[in-house]
Amino acid sequence: MAWFTRQKSGANAPDSEYRRVRTEGLWQKCESCSQIIWKKALEDNFQCCPKCGHHFRIDARARLAMLFDAEFQEHDAALISTDPLNFEDSKKYSARLQAMQSATKLSDALISASGRLEARQVNICAMELKFIGGSMGAVVGEKITRAIERSIANRAPLIIISASGGARMQEGAISLMQLAKISAALMRLDDAKVPYVSVLTDPTTGGVTASFAMLGDLNIAEPGALIGFAGPRVIEQTIRQKLPHGFQRSEFLLEHGFLDAVVNRTELKSYIARALKFFCD
């Protein structure tokens, strides 16, 4: 039998499943430099591009695991929004909440936990961007306020990792009240002389920037993070001027005095530990 006859009839043809090289999901393209990166190398480097240093977005649990020494205790995990306004846009707010809770396995857009960071007892709040854009509603405000109260009671430093689009419009004025509520609680923390470290990640915008994200004893950000109140496109359309290159990125804010430091994610834990040693010891 000629080779073309065998191929046409399928004789001795290898199974298509074995012919295919299974590489799906093993590689990822860098959003900044377009480098193709092996995902295992990306994970080993805390989701930072090994070529250009671009910081990929990571979820709240990954941030907690990155900062705590070992196991941590989660607090207030059962708190959920009651949909006070019975809000409805393209879908009901209650249905949107249920969908987000199912997708993220979280009750709301923030995880509050306590544990040890380089042997020091701390309270850490990490925001989850995948939960309605990390927006701040009544639950987020209550969780942060309770974390502040625990820090005052235990004299344990507080760390808040922000990743948010701002206040949650579906809760209206109730979400805006959280700005004042958290700011007042942080004043009590300051009076108790317990340090608060604010970590700003990409993106940190809206009411979160206008309140607790910028009120830290130490305000630090990841490289390249978008930080601001209104977005750059909104500002350009309002003032009808072109904004400078890198406007609202963490390096720009550091240069203009809005931040204390820009710290690579791989060095974040040790940097915070040194800062807390300075504040506490």
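Cut-offs applied
- Residues numbered from 1 in each chain as written.
- Predicted model: local features only at pLDDT ≥ 70, side-chain atom pairs only at ≥ 80, totals over all residues.
- Heavy atoms only, no water.
- Salt bridge = Lys/Arg side-chain N within 4 Å of Asp/Glu carboxyl O.
- Helix = DSSP H or I, 4+ residues; strand = E, 2+ residues; numbered from the N terminus.
- Buried < 20%, exposed > 50% of the residue type's maximum accessible area, 1.4 Å probe, protein only.
- Phe/Tyr/Trp six-rings, centres within 6.5 Å; stacked < 30°, edge-to-face > 60°.
- Pairing = 2+ DSSP bridges.
- Right-handed = clockwise from strand over helix to strand, strands pointing away.
- Contact = heavy atoms within 4.5 Å.
- Axes fitted to C-alpha atoms, helices over the stretch in contact; angles between N-to-C directions.
- Parallel < 35°, antiparallel > 145°, perpendicular 65-115°, else oblique.
- Nonpolar A, V, L, I, M, F, W, Y, C, P; charged D, E, K, R; others polar.

1. With respect to the pattern of salt bridges
In this structure the tally under the stated criterion is 18 salt bridges. With a shortest N-O distance of 3.1 Å, Arg 146 and Asp 76 are connected by a salt bridge. Here the residue Arg 146 occupies a position in helix α6 (residues 138-154), and Asp 76 occupies one in the loop between β3 (73-75) and α5 (93-104), the gap between them amounting to 70 residues. Accessibility expressed as a relative area gives 18% for Asp 76, which makes it buried. Connected through shared salt-bridge partners, Asp 76, Glu 142, Arg 146, Arg 150 and Lys 181 make up one network.

2. Examining the packing of aromatic side chains
What describes a pair of aromatic rings is the distance from one ring centre to the other and the angle between the planes of the rings. For the coordinates displayed, the defined rule picks out three aromatic pairs. When the ring of Phe 68 is compared with that of Phe 72, the centres are 5.1 Å apart and the planes differ by 25°; the resulting orientation is stacked. Between Phe 278 and Phe 279, the ring centres sit 5.8 Å apart and the planes meet at 65°, which makes this aromatic pair edge-to-face. We classify Phe 279 as partly exposed; its relative accessible area is 36%.

3. Some remarks on the pairing of strand β5 (residues 120-127)
Residues in a regular strand project their side chains so that they alternate between the two faces of the sheet. Counting buried positions along β5 yields six of eight residues, so the element is predominantly enclosed. Direction of pairing for strand β4 (residues 110-117) relative to β5: antiparallel, over a ladder of eight bridges. The residue bridging Ser 114 from the neighbouring strand is Asn 123, located in β5. The turn linking β4 back onto β5 is made up of two residues, and Glu 118 within it adopts a positive phi angle of 50°. Taken together, β5, α6 and strand β6 (residues 158-164) form a β-α-β motif whose crossover is right-handed.

4. Examining the environment of Ile 36
Position of Ile 36 relative to the elements: it lies in strand β2 (residues 36-38). Sequence-distant contacts of Ile 36, defined by excluding residues within four places in its chain, comprise Trp 27, Gln 28 and Lys 29.

5. Regarding the packing of α6 against helix α7 (residues 172-191)
Contact geometry for α6 and α7: axes closest at 9 Å, N-to-C directions at 5°. As the angle between them shows, α6 and α7 are arranged roughly parallel. Along the contact surface, α6 presents Ala 138, Gly 141, Glu 142, Ile 144, Thr 145, Ile 148, Glu 149, Ser 151 and Ile 152, while α7 presents Ile 174, Gln 178, Lys 181, Ile 182, Ala 185, Leu 186, Arg 188 and Leu 189. Split into classes, the residues belonging to the contact of α6 with α7 amount to nine nonpolar, four polar and four charged.

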